[in-house]
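# Survey of secondary and tertiary structure
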Amino acid sequence: SSLLDLSTTKEVVNRHCLLYSTSSRCPPSLLTSLSPQPSSPMAATLRWRCFLLLTLFISISSTPTEQQTLAQIPINFLSSAKTPELVDYMVSIRRRIHENPELGYEEFETSRLVREELDRLGIRYEHPFAVTGIVASIGTGGPPFVALRADMDALALQEAVEWEHKSKVAGKMHACGHDAHVAMLLGAAKLLQEHHSHDLQGTVLFVFQPAEEGGGGAKQMVEAGVVDSVDAIFGIHVSTSFPIGTVASRAGPLLAGSGFFEAVITGPHHTIDPILAASSIVVSLQHLVSREADPLDSQKVYTIMLQVVTVGKFEGGGAFNVIPDSATIGGTFRAFSKDSFAQIKQRIEQVVTGQAKVQRCNATINFNPNNKQTYPATVNDASLHEYFLGIAGDMLGTQNLKVMEPLMGAEDFSFYAEKVPGCFFFVGMQNETREPLVASHSPQYQVNEDVLPYGAALHASLAVRYLLEHQPGSATPPEEVIRPHDEL
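Per-chain numbering applies: the sequence of each chain, read as written, is numbered from 1 onward. For this predicted model, a pLDDT threshold of at least 70 governs which residues receive local features, and a threshold of 80 or more governs which side-chain atom pairs are given and counted, while totals over whole chains, interfaces and linings are taken from all residues. Each side-chain value is worked out from all heavy atoms of the structure, with water and hydrogens disregarded.

### Observations regarding the pattern of salt bridges
Counted only if it meets this: Counted as salt bridges are all cases of a side-chain nitrogen of Lys or Arg within 4 Å of a carboxyl oxygen of Asp or Glu. Every helix listed is a DSSP run of H or I at least four residues long, and every strand listed is a run of E at least two residues long, numbered separately from the N terminus. Only protein chains enter the area calculation, which uses a 1.4 Å probe; residues under 20% of their type maximum are buried, those over 50% are exposed, and those in between are partly exposed.
All told, the structure shown has 19 salt bridges when counted by the stated rule. In this structure, Glu-449 and Arg-95 form a salt bridge, with 2.8 Å as the shortest nitrogen-oxygen distance. In this pair, Glu-449 is assigned in the loop between strand S14 (422-430) and helix H14 (452-469) and Arg-95 in helix H5 (residues 84-99), connecting sequence segments 354 residues apart. By relative accessible area, Glu-449 is classed as buried at 15%. Across the pair Glu-418 and Lys-338 runs a salt bridge, and its minimum N-O distance is 3.7 Å. One end of the pair, Glu-418, is in helix H13 (residues 413-419); the other, Lys-338, is in helix H11 (residues 338-358), with 80 residues separating them in the sequence.

Here it is as structure tokens:
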């Protein structure tokens, strides 16, 4: 304070008095009580300097911090996403896709619709990836790069819901919400292109992916180099398990790795029964999960508990009184880590071949029946999940962040998350005031379209905040440039 000139101090304080005497943050009574009173010159000088420090503190504390500014971004995006114009846009997109469902790698009309919308919005894109996939981009074209993903394919189901926009294609239906995922990602693209395309400090990639439902479309997108330059990727899935206005996820393993197997058991001649051998194999496979954990190793017990082996196919013979030449069994297995996945796959093969030999039969096993893809576990990057919680908490309130238990379902988003840091999460759409929604992969499945603004706003917020918070670091200025100013 010895460096402060008294006359300069009085001038500064007078300006602050004018500003803050009308501010609710500093009542006039406080200013009056602290204003310098006639006294000795030294006392007056000291009082002015103390008063200056107080007013500077008030000034600093009344200015929004960078964190407060960042926290407002998700709130603003949700407000924009809920405007009637954008809601109607996303609902229209979703219903058009729902009426015309297409299976994996057959999403030609869906892909065309997406490209037409991107053209209308003036958003550049590349196509095709993995037959029908599209990657669009907004921003500078330079780093950092953040990706947002939506899947486009439908399921081979006959829709049982009677409504105006029911599937027009027999035996095909959007029963997992992928129509909503595409609509939300286009909604986010529209938000960013119309309001923030010139402000983005980096590049947002919009990944429209085919064939999530067993076709491993994400694997082909990765192999095509879609995420080679990406720093982080986010994926959304609508959920009937959580209320509207909530999100759910967890750090680390979220969804299981998934594999399939098919085994053919044959007897060398008709007196050896492959049905008996196949039955013995089925029983033994059930012991892999229940009987192969060390009861004294709690971590191993927990890992084993997070495994599943299910035999869902058993075929053999066509006559009541003839021993068949062969029997066929098939099933799926799930696990949450690479090690446990590899271990259970190895044990399935050992059990199938070993039990067949016990029954004097031969067995062959195929872990890629009907070209079914093996999916790795979906593992959320811990730091990226923490970042997601911050965004969602700012938008929805921390009370609406749900912690999920690991789920045995599988997702090919896992291929992206193996390549780059990824975060996958669920957006709730259950409404207590309406009829309960049934789970996905059901002919009775429905989407609560009120979820669309939440998905679009989360997409946009995650991308914009990520770019702002992950700017390339600048060199540290010389020490003499950053020294404190004398007057402060």
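### Some words on the packing of aromatic side chains
For clarity, the cut-off: We call Phe, Tyr and Trp rings a pair once their centres come within 6.5 Å, taking the six-membered ring for Trp, and we label the pair stacked below 30 degrees between planes, edge-to-face above 60, and tilted otherwise. A positively charged side chain is recorded as over a ring if its NZ (Lys) or CZ (Arg) lies within 6 Å of the ring centre. The angle to the ring normal must also be within 35 degrees.
Following the criterion strictly, the structure yields nine aromatic pairs and no others. Ring centres 5.7 Å apart and planes at 80° place the aromatic pair Tyr-375 and Phe-415 in the edge-to-face group. Highlighted residues: Tyr-375 in the loop between strand S11 (362-366) and strand S12 (378-380) and Phe-415 in helix H13, separated in sequence by 40 residues. Residue Tyr-375 shares its accessibility class with Phe-415, and that shared class is buried. Put simply, the rings of Phe-413, Tyr-416, Phe-424 and Phe-426 touch in pairs and so form one group of aromatic residues. Over the aromatic face of Tyr-89 sits the side chain of Lys-190, whose NZ or CZ is 5.0 Å from the ring centroid. Its guanidinium or amino end placed over the ring of Phe-367, Lys-345 lies 5.0 Å from that ring's centre, counting from NZ or CZ.

### Here we look at the nonpolar core
To be explicit about the condition: Buried Ala, Val, Leu, Ile, Met, Phe, Trp, Tyr and Cys residues form a nonpolar core when they are joined through side-chain atoms within 4.5 Å. Two residues qualify as a contact provided that any one of their heavy atoms is within 4.5 Å of a heavy atom in the partner residue.
Membership of the largest hydrophobic core comes to 72 residues, with the highest contact counts inside it found for Leu-186, Val-204, Phe-206, Phe-208 and Phe-234. With eleven residues, the top contributor of residues to this core is H14. Setting aside its immediate chain neighbours within four residues, Phe-234 contacts Val-146, Ala-147, Leu-148, Arg-149, Leu-384, Tyr-387, Phe-413, Cys-423 and Leu-462. One finds Phe-129, Met-221, Val-226 and Val-227 within the second-largest nonpolar core, a separate group that totals 26 residues.

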